[in-house]
Amino acid sequence: MKNLFLSRRRFLKTSFAGAAGITIGAKVSANSIKEVKTTGIITRRLGHTDLVLPIVSMGVMRSDMPNLVKAAYDSGIKHFDTAHGYMGGNNEIMLGNVFKDYPRDSFTIATKVHPDDINRQTGELGPGSTKESFLKKFNTSLERLQMDYVDILYHHGVGSRQALMYEPVLDALTTAKKEGKTRYIGLSTHRNEPEVIQAAIDSGVIDVILTTLNFKQQHHLQIKEKIALAAENGIGIVTMKTMAGAFLDREKTKPVNCKAALKWVLQDPNVHTSIPGITSFDMLAENLSVMEDLELTEEEIKDLQEAGLVAGLYCDGCSSCSALCRKHLPVHDIMRSYMYAYGYNDFKKAREVLDESGIGNDPCEDCESCTIVCTKNFNVAERIRDISRITNIPAEFLA
Amino acid sequence: MKTRHLHFIIASLILLTDINAVTPEELFPEFNDWDLKIDETVYVPENLWELINGAAEAYLAYDFQDLHIGEYTNAKNDMIHVELYRHGDPENTFGIYSSERMPDYHFITAGTEGYTSFGALNFFTGNYYVKMLWSGASEADESLLMEFAGKIEDKLKQENRWPDILSYLPELNRIPKSEGYSNENFLGYSCFHSAFTAGYRIDNREFKLFIIQLNDSNEARLMLNEYFKTIHFNASGTKDQDHIVVDPFYGKMAIGTKDHFLFGVYNLDDEQLITQYLDQLRRNIRF
């Protein structure tokens, strides 16, 4: 680890200082980029596994940057995360080409495989999700990676308890582990995380959970509760999407303080490592600086607090407002209609949702004040007024 | 209140114009003996991850706009699942398409380019990246998939053409199907964006060329200077248009400008070859 630490430090100090002109007679400056306080890389054991990882790992998002992966490795990042489906398989191929020249025990690799037959609405698996097709994909992944085994094989994108407990896929995972093609098995989840994490605990076979976690999620407290329970049960916890989308608005004018957001997640000791998607050397340097210093500065705390107040664009369906409307309006459906209109430009669908819910123009008209307090600080009454006006437009104009 | 109401109506009418351009029914053609079911959910940047998880990151990097999904089924319970990814412009569509393409796929005539692989047929046309997947009782019928692709292409009414700038990259020793496009953070540097690339092979040596088109020569010079600043290369005092520097992550990097273009060669040590390719690139650039 010491060598890795030194490599990382050298990256932070001098990564851009080695450039040298060899023609033109130009002079080379040897300025170093900003140095970061170094007190030692923080590592954590991944649950009951024997993997002890730096708290910052790498989500490998681009297949055209093998040198970025090499730089991350040389700087002390040990764990690299990819998936069977990333960039049509080119992501795994790139990683295979990079790591074929490195000692196999000097890094860890996780990949993810998606079952074939998923109901997109419910997240449940159907009969097309077979053990054979899952393992076939996984074997292809191993070939692309040019490896005999991966360190973690995830069931990719689990969205329900049913999906996790689906016998053929669970069987495929345990078979891969028994055959030595993966050291540990796990799942990744982007939605219904608390339910899925609880199911993972109940399954008794899951070693690692890769879950979304960031300060912008309305239900982050429920996720953290389940994470704590999973960690207590010896399950390794890896987090993703820690940067909350990197921007607070669609126009990308309000960037998230990504370093602060990553620190916020990693301050939870039950989170063992995180896999921020790294697509530039600047991002790499920023993430490396978090590896040994998790303390949030006053400015970072302020940034997170301010960002937390930015509501974002659309209702995330927490439904906590349902009981608050004195007229018992189907607020969640109305907000869904709002999203169809303003998010998807689908006015026809927006109108259909309102019609199905029996909403006419300005259903809030006879309310003097709104009793709804939105967890995202939306002005719900104003949004209802805005979207309900669509019922004034003749349907044929929306067809 | 009247003013706000008027604004809403105006905004609605403006948006309606756009809606008419992308109504799902207008995107998916009908086929004899196949039932079409269009997914009610339209995926946009905010929810794409719900469908394709972490893979969404790459699509978002290529200015993903929206995704419509349709499924065709026949009496034999075969299904053709069709995904229509719309990106901001043809360059970004080419970018995401080429990032998923593998050179050993079976390439076909569909859209600007397409391929088949294990029951899948993917192609790109204009702003659309179309992905089709066969599943069901029967073996995938490639000719039928081709027929579907042709009708979908007709329905989308896009212009099929390669980005013009690709023609500036020399053809000599170019690796087939190696062309790509990087919208941001090209080579991992935040100063580089909008780069078209191609791989080259001479004997066993592989190297890459890239070219970036900026709005004017000043922008090209600024990008070059930003790169030099990033790698701490001092180019002051030189009037040369081409530079060879040692990049801390890529080793020898040759880079130059011509008017509003910036271009370069990397992963190549032979300076004679470097000069040869830079000269060729410079000659190829016409505007």
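Residues numbered from 1 in each chain as written. Chains lettered and ligands numbered in written order. Predicted model: local features only at pLDDT ≥ 70, side-chain atom pairs only at ≥ 80, totals over all residues. Heavy atoms only, no water.

**Topic: the pairing of strand β2 (residues 64–73) of chain B**
Residues and elements named next belong to chain B.
Part 1: In terms of residue burial, β2 counts as a mostly covered element, since seven of its 10 residues are buried.
Part 2: Note that strand β1 (residues 35–38) and β2 share four bridges and pair antiparallel. Directly across from Lys37, in β2, lies its bridge partner Glu71.
Part 3: By the bridge criterion, nine bridges tie β2 to strand β3 (residues 79–87) in an arrangement that is antiparallel. Note on β3: the bridge partner recorded for Ile69 is Glu83.
Part 4: The antiparallel hairpin formed by β2 and β3 contains five residues in its connecting segment, where Asn77 sits at a positive phi of about 70°. (Buried < 20%, exposed > 50% of the residue type's maximum accessible area, 1.4 Å probe, protein only. Helix = DSSP H or I, 4+ residues; strand = E, 2+ residues; numbered from the N terminus. Pairing = 2+ DSSP bridges.)

**Observations concerning the nonpolar core**
Soluble globular proteins tend to bury their nonpolar side chains together.
Part 1: If you look at the biggest cluster of nonpolar residues, it comprises 99 residues, and the most contacted ones within it are Ile77, Phe80 and Phe99 of chain A together with Tyr189, Phe192 and Tyr227 of chain B.
Part 2: The element best represented in this core is helix α9 (residues 258–266) of chain A, accounting for six residues.
Part 3: When near neighbours in sequence (up to four residues on either side) are disregarded, Phe80 of chain A contacts Met58, Val60, Val69, Ala72, Tyr73, Phe99, Phe107, Thr108, Ile109 and Ala110 of chain A.
Part 4: In terms of nonpolar packing, the next biggest core, distinct from the first, is built from 48 residues, Tyr62, Phe64, Leu67 and Leu278 of chain B among them. (Core = buried A, V, L, I, M, F, W, Y, C linked by side-chain atoms within 4.5 Å. Contact = heavy atoms within 4.5 Å.)

**Describing the packing of helix α2 (residues 66–74) of chain A against helix α3 (residues 90–99) of chain A**
Residue and element names in this part refer to chain A.
Part 1: Relative to each other, α2 and α3 sit at 50°, their axes nearing to 10 Å. The angle between α2 and α3 falls in the class oblique. In the packing of α2 onto α3, the handedness of the crossing is right-handed. Only Met94, Leu95, Val98 and Phe99 of α3 make contact with α2, whose side of the interface consists of Pro66, Val69, Lys70 and Tyr73.
Part 2: Of the residues contributing to the contact of α2 with α3, the split by class is seven nonpolar, no polar and one charged. (Axes fitted to C-alpha atoms, helices over the stretch in contact; angles between N-to-C directions. Parallel < 35°, antiparallel > 145°, perpendicular 65-115°, else oblique. Left-handed = near helix turned anticlockwise from the far one by under 90°. Nonpolar A, V, L, I, M, F, W, Y, C, P; charged D, E, K, R; others polar.)

**Description of the pattern of salt bridges**
Residues and elements named next belong to chain B.
Part 1: A full pass over the atoms with the stated rule returns 27 salt bridges over all chains.
Part 2: Among the salt bridges present, the one from Asp66 reaches Arg86, with a minimum N-O distance of 2.7 Å. A residue pair is termed long-range when its members are at least 10 positions apart, and Asp66 in strand β2 and Arg86 in strand β3 qualify at 20 residues. Note on accessibility: Asp66 and Arg86 belong to one class, buried.
Part 3: As a salt-bridge pair, Arg282 and Asp242 come within 2.4 Å of each other at their nearest N and O atoms. One end of the pair, Arg282, is in helix α8 (residues 271–284); the other, Asp242, is in strand β11 (residues 242–247), and 40 residues separate them in sequence.
Part 4: Salt bridges sharing partners connect three or more residues here, namely Arg101, Glu113, Arg174, Lys177 and Glu179. (Salt bridge = Lys/Arg side-chain N within 4 Å of Asp/Glu carboxyl O.)

**Some thoughts on the sheet that holds strand β11 (residues 273–274) of chain A**
Residues and elements named next belong to chain A.
Part 1: Reading across from one edge, β11-β10-β9-β8-β7-β6-β5-β4-β12 is the order of the nine strands in this open sheet, with parallel pairing throughout. Looking at strand neighbours, the two that pair on one side only are β11 and β12 (277–278), the edges of this open sheet.
Part 2: Here strand β4 (residues 58–60) pairs with β12 via two bridges, running parallel. If you follow Val60 over to β12, its bridge partner there is Ile278.
Part 3: Contacting β7 (150–155) and β8 (182–189), helix α6 (residues 167–178) crosses the sheet at an angle of about 150° to β8.

**Some points on the domain arrangement of chain B**
All names here are of chain B.
Part 1: Each assigned domain of chain B is listed here: domain 1 (24–156) and domain 2 (164–284).
Part 2: Distance from the C-alpha centre of domain 1 to the C-alpha centre of domain 2: 33 Å.
Part 3: The partner domain 2 presents 11 residues to the 11 residues of domain 1 that form the contact.
Part 4: At the boundary of domain 1 with domain 2, the tally comes to two salt bridges.
Part 5: Here Arg101 makes a salt bridge to Glu179, at a shortest N to O gap of 3.7 Å.
Part 6: With five residues, helix α5 (residues 90–100) is the largest single contributor of residues to the side of domain 1 that touches domain 2. (Domains from an automatic or database assignment.)

**A short note on empty space enclosed by the protein**
Part 1: Within the structure shown, the criterion is met by two cavities of 30 Å³ or more.
Part 2: The volume enclosed by the second largest cavity comes to roughly 40 Å³.
Part 3: Val60, Met61, Tyr86, Met87 and Asn91 of chain A together with Gly54, Ala55 and Ala58 of chain B are the residues that line the second largest cavity.
Part 4: Classifying every residue of the lining of the second largest cavity gives six nonpolar, two polar and no charged. (1 Å grid on protein atoms, 1.4 Å probe; cavity = no way out; pocket = protein on both sides within 12 Å on 5 of 7 lines; lining within 4 Å. Points joined across faces, edges and corners; volume = space filled by probe spheres on them.)

**What about the pairing of strand β13 (residues 261–266) of chain B?**
All names here are of chain B.
Part 1: For β13, a buried count of six out of six residues is recorded, marking the element as mostly surrounded by other parts of the structure.
Part 2: Of the two faces of β13, the one carrying Phe261, Phe263 and Val265 and the one carrying Leu262, Gly264 and Tyr266 are both buried.
Part 3: As defined by bridge partners, strand β10 (residues 205–213) adjoins β13 across six bridges and the pair is classed as antiparallel. From the neighbouring strand, Gln213 faces β13, where its bridge partner is Phe261.
Part 4: Across six bridges, the pairing between strand β12 (residues 251–258) and β13 is antiparallel. Residue Lys258 lies in a different strand from β13, and its bridge partner there is Phe261.
Part 5: In textbook terms, the turn of a hairpin is the stretch between consecutive antiparallel strands, and for β12 and β13 this stretch comprises two residues, one of which, Asp259, has a positive phi near 50°.

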